[in-house]
Amino acid sequence: MCKAPTKSLLLGSVLLSGLGLGSVAFAQTQLLGEQPTSLVPLTQPTAPQPTLEELIPSQAITSGGVQIDSLGGLDFDTVGTLDLGQGGFGYDMWRQSSLQDVYALISNMPAQYSSRTGHSLARRLLLSSAGRPLDDRPLKSEEGLLALRLEKLAAMGAYADLDNLLQRVPARSDNETQAKIRTDSLLMVGKHDEACQVIQGMAGNGQDSYWTRAMVFCHLFRGATDQALLGIDLLRETGTAEDPLFRELALAGAGVETKFSGKSSGTVQPLHWAMSELSKSLLPAELDAFLDPGVRLALAGSQRYPADRRVAAAEAATMNGEMTAEQLVNLYSAYEFPVSELDSVVSSELIREGTQARALFLQAAQLQTVPAARAEIIKAALDHAEKDGLGLLMSRVIAPLVGEIPPSADLAWFALPAGKTLYVAGNRPRGDEWLLLARQYMLSEPTAAASLTGLWPYARLSGLEGGDRYGTLKGWASAQGGTGPEVLNQQLVLLRSCMQGLGEDTRLSWGELASLELSTPGLAPSAALLYALKDAQNGNRLAEVVLLSLIILGEEGPGDTHSLALGNVVEALYSVGLPDDARALAIEAAALSGI
């Protein structure tokens, strides 16, 4: 199977390149209205826009590997779908950045992220409409920023975004790689006729065996079964790029009774998904861990698959930021539980595990209208998810239900889980209300003082004004009696680094922390990357800061990043005008570290 590059490989490669360095009939609970037949994109696609080819139908010429319109001087590398008001980073985001460095950095940025913040930053950067970087050193003839951006978006599985972006780029500018990306995006959004037009045009000229397999799909799609079978035989006889999964799906599509082996030559790709839909076959469950991110999203949205597989796929996508928590909540409603089990989820022994347990807790909390009773269910749900290592996921999923509970004296015991959940979900105003409740009852309610101390780091990272009135790092540390000294020291350094990056006064010097002789998790940060990040920060080169931050964080994200590197990333993002992203990243890191 294909394996993603490790963080150390990413850090090393960038130095060498651009920088010069299940139940029967029961009452079903529908949580958020009707179950959708497909997942809603992270942003709704805008209406199709005219392509550059349609705007100025003149002959394009090639200059430095970039398609430039000879009449208007338009550059396809600048095309995007997100402007500044839509989440993009602005037309000037590459101002003063070197074209060669930008190309090298995008080449080395991770393709997938164990971080919702990281995924959001990467997606927005790749989709932003922006002017061209400084063309100080022309790229090689086969290189171009648009092609590179398309490759990264495809690796992220962002096919709806790709389809929207490629509508602005004339197909005649496609090379073979770009044509394959265009085909994959068309297949994943269900535009099979358009996809087959591209495939037919490439089948005779393309060098990749992909086009032979794709023509088999098109023959089956158009009802030409005999031609499809000939294509399958040709693939078998040539033996090039053996793909057992595709062969099995194609035979099923041709009406041949097929037993699926559960084997694949690598990642399950869009062509596999399109063939499985055409043949009305389910992808083997053994391959769920090897799905292309876009295929995983499609599986989560397909009602043909069992609830356990759909929800597991959706949970992974939600953790990585590829799906919204609201979409996952809706999918949890696919489960049906007995009313008696929903009513006794806290008072009786839990008989569910994994995705079913999380769905049970969520449905029970949704049904419960008494604030105190709902709070008990939510607290149990968070505790159970934490044991499975999915506390951060459950916080995001259950936050809307927490937000409906009004803070009150009889719920002072609930202040810590409620406030932390709301801070993690980005709802600081509601989180602050629980912090203030804990402060109000800290002298009369035994748990309130501990809740105030526990919420303090999240309030500070969220930007609560005057947050130093509610606690200090030393005070927080002294209250962590159940945490071992090594873990506590690591958490202290993480908080100190992130708060410094956000401009928060911590009243704890680095000298005091250095005297603890602690170790810190994560790979030692690359000095070259950190210096490059600081240089981009000082030059206010926003997009370059984002790229370097993504490379430093790596695929593992803030949960496995050295505190020194994390603090520098938070500071750089904050300094160049991305405070919400900086704070979200710091909170994500704190939650993942067990704070």
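Notes on the structure follow. It should be emphasised that the depicted structure is a prediction, and the values quoted were computed from it without experimental measurement.

1. Considerations on the overall build of the protein
- Each helix and strand counted, the protein has 29 helices and two strands in total.
- Burial status across the protein gives 54% buried among its 595 residues.
- Approximately 25200 Å² of the protein is accessible, and the part contributed by carbon and sulfur atoms is 52%.

2. Here's the deal with the packing of aromatic side chains
- In the structure shown here, the tally under the stated rule is six aromatic pairs.
- Look at Phe-217 and Phe-221: their rings are 6.0 Å apart centre to centre, the planes differ by 10°, and that puts the pair in the stacked class. Here Phe-217 and its partner Phe-221 are both found in helix H9 (residues 210-221), four residues apart, which amounts to about one turn of the helix.
- Overall, Phe-221 belongs to the partly exposed group, its relative accessible area being 29%.

3. Describing helix H6 (residues 159-166)
- Of all eight residues in H6, seven are buried, a share of seventy percent or more.
- Within the span of H6, buried status applies to Tyr-159, Asp-161, Leu-162, Asp-163, Asn-164, Leu-165 and Leu-166.
- Contacts made by the buried residues of H6 are with helix H4 (116-127), helix H5 (145-155), helix H7 (176-188), helix H12 (270-279) and helix H13 (293-300).

4. Side note on helix H18 (residues 371-387)
- For H18, with 17 residues, the first-to-last C-alpha span of 25 Å sits near the 24 Å given by 1.5 Å per residue.
- Of the positions making up H18, those classed as buried are Arg-374, Ala-375, Ile-377, Ile-378, Ala-381, Leu-382, His-384 and Ala-385.
- Close packing links the buried residues of H18 with helix H17 (354-367), helix H19 (391-403) and helix H20 (415-424).

5. Things to note about the state of the cysteines
- Inspection of the entire model under this criterion finds one disulfide.
- Through a disulfide, Cys-196 is tied to Cys-218; the S-S separation comes to 2.2 Å. Residues Cys-196 and Cys-218 are joined through a disulfide that is left-handed, its torsion about the S-S bond being -105°. Taken together, the positions of Cys-196 in helix H8 (residues 192-203) and Cys-218 in helix H9 put the pair 22 residues apart, joining distant regions of the chain. Summarising the burial analysis for this pair, Cys-196 and Cys-218 share the class buried.

6. Structural notes on the environment of Met-319
- Within the secondary structure layout, Met-319 lies in helix H14 (residues 307-319).
- Considered as a pair, Met-319 and Arg-116 are 203 residues apart in the sequence and their alpha carbons are 6.4 Å apart.
- Excluding residues within four positions of it along the chain, Met-319 makes contact with Ser-115, Arg-116, Leu-390, Leu-392, Leu-393 and Arg-396.

7. Some words on unusual backbone geometry
- Even without a glycine there, the phi angle at Lys-280 is positive, about 55°.
- With respect to the secondary-structure elements, Lys-280 resides in the loop between H12 and H13.
- The phi dihedral of Asn-540 is positive, around 55°, even though this residue is not glycine.
- Secondary-structure assignment places Asn-540 in the loop between helix H26 (527-538) and helix H27 (542-553).

8. Description of the environment of Gln-363
- By the element assignment, Gln-363 lies in helix H17.
- A relative accessible area of 0% places Gln-363 in the buried class.
- Among the polar contacts made by the side chain of Gln-363, one reaches the main-chain carbonyl oxygen of Tyr-332 at a distance of 3.0 Å.

9. Points about the pattern of salt bridges
- According to the stated counting rule, one finds 24 salt bridges in the structure shown.
- One salt bridge in this structure joins Arg-428 and Asp-432, with 3.0 Å as the shortest N-O distance. Of this pair, Arg-428 and Asp-432 are both found in helix H21 (residues 428-440), four residues apart, which corresponds to roughly one turn of the helix.
- Since its relative accessible area comes to 29%, Arg-428 is described here as partly exposed.

Calculation rules
- Residues numbered from 1 in each chain as written.
- Predicted model: local features only at pLDDT ≥ 70, side-chain atom pairs only at ≥ 80, totals over all residues.
- Heavy atoms only, no water.
- Helix = DSSP H or I, 4+ residues; strand = E, 2+ residues; numbered from the N terminus.
- Buried < 20%, exposed > 50% of the residue type's maximum accessible area, 1.4 Å probe, protein only.
- Areas by Shrake-Rupley, 256 points an atom, 1.4 Å probe, with all protein chains shown as cover.
- Phe/Tyr/Trp six-rings, centres within 6.5 Å; stacked < 30°, edge-to-face > 60°.
- Contact = heavy atoms within 4.5 Å.
- Expected span 1.5 Å × (residues − 1).
- Disulfide = S-S within 2.5 Å.
- Polar contact = N/O pair within 3.5 Å; in protein donor to acceptor, adjacent residues only side chain to side chain.
- Salt bridge = Lys/Arg side-chain N within 4 Å of Asp/Glu carboxyl O.

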